[in-house]
Amino acid sequence: MPRQGPPLAYMHRDEAVQALEKLIQEEEQLAVEIESLLIKKPEIQKTEKELQEIRESLAVLEADSQHMTQTLAFSAQLAESVSGKIRHLDRAKQRVEESLQRIEDILDLRFCTEGVQLAMQNEEYEVAAGHIHRFLKMDESVLFRSAEDMQQQNSLQASLALLHDAQQSLKTIIVAKFDEALNTGDLANVERLFKIFPLLNLHDVGLKKFCTYLCSNIADKAQTMLEHAQKTLQDPNQKKSSTFFVELITKLVEAVAQVVEMYQPLVETYYGSGHLLHFVRFLQTECDRQGLKVVDEFVKHRRFTERARQIRVLVRKTMKSASGGLHSVIDPLELDALLVEATLMNTRVDLYLRFIRKKLMSDFDALDSTKREKENRLKEMNAFLSGCQLSRTMQELIGDYITIEEYYMRQSMKKAISMEQVEEKALTSTMVDDVFFVVRKSIRRALSSASVDGICAILNHAVSLLQEDFADVLHAKLKNNNYVAYTIDLSQAYYSMLGTSTPVDMNLYDKNRKAYLAHLNDADVSMEYLKRLGETLETETSSLLPDISEHDKEKIRNTLQDLTQATHAFQVVVDFGISQLHTAILKPRIKPLVDAFNSVSHDISDEDYGAYEAADPFVENFVFNVRTLLGFFETALRKSNFDLLVKYVGAEIADQLEKAVLKQKYSRLGGIQLDKEVRSLLQYLSSITSWSIRDKFARITQVATILNVDSLVEFQDLWNPSSGITLAWRVTPSEARQILSLRSDFRSDEIKRLKL
Amino acid sequence: MAADFIQNITTQNYPFKNRHGNKGIMTKKSTPRLNTGADEQWNMIRAKAKKDRNIEAFPRAYRDDATPYAMSAFSPKVTDVCSGKNAKLTKSDNELNISKLILVGDVSVGKTSLVHKFCHDLFNRDYKATIGVDFEVERFDILDIPFTLQIWDTAGQERFRCIAASYYRGANVIVVVFDLSDLKSLESCKRWLDDAADGNNGTPYVFLVGTKRDSCSTDSFRRAETKAIETARELKAEYWAVSAKTGDNVQELFFRIASMAFDALLLREIDVRSNAPPPPIAPSIKLTRRKTPRQLALRLLRRTKCWKAL
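To start, this report covers the structure provided alongside it. (Residues numbered from 1 in each chain as written. Chains lettered and ligands numbered in written order. Predicted model: local features only at pLDDT ≥ 70, side-chain atom pairs only at ≥ 80, totals over all residues. Heavy atoms only, no water.)

1. Observations concerning the overall build of chain B
Here comes step 1: Assigned secondary structure in chain B consists of 10 helices and seven strands.
Here comes step 2: Every one of the 310 residues in chain B was classed for burial, and the buried ones make up 43%.
Here comes step 3: Across chain B, every contact between residues at least 6 apart in sequence was considered, and the portion connecting residues at least 24 apart equals 76%.
Here comes step 4: For chain B, the accessible surface area stands at approximately 18000 Å², while carbon and sulfur atoms represent 55% of it. (Helix = DSSP H or I, 4+ residues; strand = E, 2+ residues; numbered from the N terminus. Buried < 20%, exposed > 50% of the residue type's maximum accessible area, 1.4 Å probe, protein only. Contact = heavy atoms within 4.5 Å. Areas by Shrake-Rupley, 256 points an atom, 1.4 Å probe, with all protein chains shown as cover.)

2. Quick notes on the packing of aromatic side chains
Here comes step 1: By the definition in use, this model includes 25 aromatic pairs over all chains.
Here comes step 2: Measuring from ring centre to ring centre gives 5.8 Å for Phe470(A) and Phe570(A), while their planes differ by 55°; the resulting arrangement is tilted. In this pair, Phe470(A) is assigned in helix H15 (residues 452-480) and Phe570(A) in helix H19 (residues 567-598), connecting sequence segments 100 residues apart. The same class applies to Phe470(A) as to Phe570(A), namely buried.
Here comes step 3: Aromatic rings pair up to connect Phe58(B), Phe74(B), Phe118(B), Phe140(B), Phe147(B), Phe254(B), Phe255(B) and Phe262(B) into one cluster. (Phe/Tyr/Trp six-rings, centres within 6.5 Å; stacked < 30°, edge-to-face > 60°.)

3. Concerning the nonpolar core
Here comes step 1: Membership of the largest hydrophobic core comes to 280 residues, with the highest contact counts inside it found for Phe470(A) and Tyr239(B).
Here comes step 2: Of all the elements, helix H8 (residues 244-271) of chain A adds the most residues to this core, at 15 residues.
Here comes step 3: With sequence-adjacent residues up to four places away left out, Tyr239(B) is seen in contact with Tyr62(B), Ala66(B), Phe178(B), Leu180(B), Leu208(B), Phe221(B), Glu225(B), Ala228(B), Ile229(B) and Ala232(B). (Core = buried A, V, L, I, M, F, W, Y, C linked by side-chain atoms within 4.5 Å.)

4. Remarks on the pairing of strand E4 (residues 145-154) of chain B
All names here are of chain B.
Here comes step 1: Taking burial as the measure, the 10 residues of E4 include nine buried ones, the bulk of the element.
Here comes step 2: Looking at chain direction, strand E3 (residues 133-142) and E4 are connected through 10 bridges and run antiparallel. By the bridge assignment, Glu136 is partnered in E4 with Ile151. (Pairing = 2+ DSSP bridges.)

5. Here we look at the pattern of salt bridges
Residues and elements named next belong to chain A.
Here comes step 1: A complete count under the given rule lists 47 salt bridges over all chains for this structure.
Here comes step 2: A salt bridge links Lys555 to Asp453, with the shortest nitrogen-to-oxygen separation between them at 3.0 Å. Highlighted residues: Lys555 in helix H18 (residues 550-565) and Asp453 in helix H15, separated in sequence by 102 residues. The exposure classification of Lys555 matches that of Asp453, with both residues buried. (Salt bridge = Lys/Arg side-chain N within 4 Å of Asp/Glu carboxyl O.)

Quick look at the structure:
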């Protein structure tokens with residue numbers, strides 16, 4: 001690029017030199033550039049050469065690939081024609097096989113025809129059935145067609161007719177023989193003939209006949225059992241166990257289970273998998289019939305349903321009349337054994353059904369069916385098991401059981417409550433232990449029935465009984481107890497020095513007080529029991545019912561949760577009782593104690609401070625008095641109840657003390673004294689309770705801290721959170737100013753000037 | 001050269017990505033667990049409800065003239081609490097907002113179908129009798145507060161009545177179901193509810209729900225509905241007509257139920273809270289700038305009044 005500088009004539013020497021230098025620089029730069037370009041030259045040449053080479057090889061490649069395409073096309077064509085031939089061949093082979101099969105069938109047919117005749121003559125029914133089985137496997141229409149091809153229709157038709165005849169006659173013979181064997185009880189023959197049915201495609205007939213036989217066996221056995229049982233029941237001299245019917249039904253289901261166990265292999269081997277459900281279904285009808293008889297006998301003999309109905313009527317009546325308290329027509333104790341029996345009967349039946357289920361499941365597993373088929377089978381099985389008469393009967397039984405058990409629980413609870421006693425040294429009354437004993441017993445009995453819905457129902461009832469009956473009773477007992485009212489009378493009488501105008505029965509007073517505190521403890525201990533009950537029941541459920549479904553487990557878990565939630569009802573009772581105790585009995589006595597604070601001056605000199613140090617003017621005495629006041633309750637209340645009471649008392653003391661504190665004037669040393677007093681009071685109260693009482697004392701402690709500052713500057717430092725560790729203030733800025741003004745050594749205008 | 005560079009990037013990035021992924025898993029694992037038994041519940045609390053189970057606005061009744069419950073919005077107290085305006089709900093994790101719903105009604109009116117349609121969006125033509133009680137749990141987020149509805153679906157057969165009866169007392173919502181195409185089932189609704197009234201001494205919400213709307217002609221439906229509304233008035237229940245087959249009104253019904261139960265539950269809770277003494281607040285310690293040891297020592301001395309001794 002030509003340089004366009006200014007004309008030389010205008011240039012100065014210096015400028016010229018500069019220009020020269022610049023030019024020299026440019027020249028050097030250009031030289032470097034040229035050099036670098038030159039260096040690259042061989043490289044570029046090399047690349048050029050390489051590219052040339054690549055171009056040459058590409059040409060070769062193109063030629064090669066064209067060649068390859070041709071080869072491939074040729075191969076493809078070849079393959080096509082070859083595979084066509086193979087397909088042809090395959091078809092031919094298949095046809096040959098089919099023909100062979102036909103020939104074989106025809107040969108077999110002849111063989112069968114001859115064999116059947118011979119076997120029938122010799123009464124070898126297994127052999128005959130084997131031939132018929134072979135024949136039944138053939139496709140008759142195909143046979144006909146091949147016969148047409150061979151123009152041998154006549155002979156074929158003859159043998160077919162013969163075989164059909166043989167099949168029919170064999171069928172009648174087998175059926176007759178089987179019936180005969182069944183009638184004579186010839187077990188060996190029964191089993192022998194039983195195997196023949198599937199060979200004749202008569203699975204259902206065989207199963208049905210055989211099952212009828214087995215059913216009659218079971219019926220016979222059950223009949224003798226029942227007759228024997230009835231005799232025992234009618235004979236007053238014979239000792240009857242309280243679980244008589246449990247044994248009876250156990251015997252029955254065990255007999256059925258034994259039959260299933262015994263003949264399952266037979267059915268499986270000769271009839272194939274998948275027939276067991278059919279087999280069990282047949283048997284179950286008899287089992288249902290006999291089971292119903294046993295349960296009927298139970299219901300009749302123990303007056304089970306009748307009692308349930310009575311109870312329902314009774315409950316409805318009392319509900320309507322609302323007079324409260326069921327007239328105990330039926331003694332709950334009488335029901336105890338009955339309930340055990342009912343639950344155990346259900347357990348046994350449940351066990352039996354589980355056994356059957358397991359057998360059927362393994363039978364299904366043996367079949368290699370699709371998932372959908374399997375699901376359908378499972379559905380069918382479940383519907384069968386839960387819908388069979390025996391299950392339905394037991395469901396009805398459980399329904400009545402729930403009614404009776406609820407009644408039992410309610411009545412026993414009422415009894416426990418009516419029989420309550422407070423023993424001399426016990427913190428709680430006897431009823432709380434009794435009530436929980438009853439509830440626990442009922443729930444555990446329900447658990448032993450293995451009926452998930454029954455368990456949940458009893459749990460539901462237990463929850464509502466504990467909440468509505470027990471907790472409400474405790475609440476009412478606390479409300480109606482005269483102890484609190486009396487104490488107010490007493491203290492008024494004491495403080496007004498009027499003497500006893502109305503004589504107070506001290507014995508009754510003592511008794512009332514004891515009952516009041518015991519019921520408070522009852523409510524408290526109930527919460528603990530409930531929690532423990534929930535926990536133990538959870539573990540017991542998983543150990544007693546290990547193989548219930550996840551869904552059922554979830555059901556029980558959710559119901560158990562309600563049980564633990566019932567603690568709320570008792571918490572309400574405890575809160576009510578303690579707060580009443582506090583307001584009626586402790587609060588009126590705290591006020592005079594705090595009043596003592598007013599007579600102790602805190603606007604004190606060095607000397608006074610020394611004197612206070614030597615002989616404490618307030619707090620020691622105060623702590624002593626509070627201790628005597630609480631002392632009785634510490635021994636008479638459970639720890640958690642006492643803690644709650646102390647919480648109330650602590651709040652009251654803090655409240656009253658704050659009021660008293662704000663009425664006095666303070667010197668610097670007075671502030672220190674107050675701080676000391678508050679601290680030792682807090683220390684005492686913290687020592688007697690396991691809960692933190694500090695938050696109740698937060699305000700009063702802060703008031704003492706404010707009154708204890710050295711100077712307003714220190715206060716500012718304390719208040720202003722810009723540095724160091726600061727308290728979360730419970731005192732508002734205006735309150736703080738007011739508190740500071742209690743200090744006799746702070747000037748009010750300075751306090752006003754504080755930035756808070 | 002370029003290929004090298006790309007490879008470099010990828011090799012550099014992959015371990016980074018992995019580390020990130022691992023971290024995600026680690027944090028998930030380290031979340032505290034209550035105990036093994038409550039694991040599922042724990043998940044229930046933590047996990048947000050499904051998207052279609054979020055309720056923001058209060059659902060309306062099926063017919064305004066067929067309900068004793070006039071509410072059409074969440075109570076102001078409840079919305080305040082939920083938006084955190086007033087005292088925040090400080091719930092411990094195992095304390096859930098749970099309401100119990102119980103379904104009763106005659107055999108084969110479609111109680112189970114109704115529940116299945118809502119919970120699993122499935123409708124099965126085959127009738128299968130319920131044995132005892134079926135149980136479903138549905139998680140909602142109502143006004144961004146987790147809420148759980150326990151659905152106890154009872155069997156209609158006579159022999160399961162005692163089992164169903166045990167659920168009445170704890171129920172917050174009772175749904176009496178009848179078949180719109182079979183008015184006999186409507187007649188027995190009163191009997192079902194009488195049973196329930198014996199057991200429940202709280203005041204549960206009551207719904208009267210007619211099912212199988214799809215199988216009714218317009219005429220017969222109109223006739224059934226007039227009758228049902230009459231019955232609903234008598235029973236003091238809210239009337240709904242639904243179809244589990246087509247899904248008509250099913251979600252609307254359950255959303256309405258959930259919202260009403262949720263509102264009542266929270267109101268009760270707020271009540272208890274306002275009566276109870278305020279929860280204790282421990283004096284907190286604020287952390288601020290650190291001071292030099294000398295400054296701290298001086299402050300301490302001054303505060304403990306030991307300075308006099310110095």
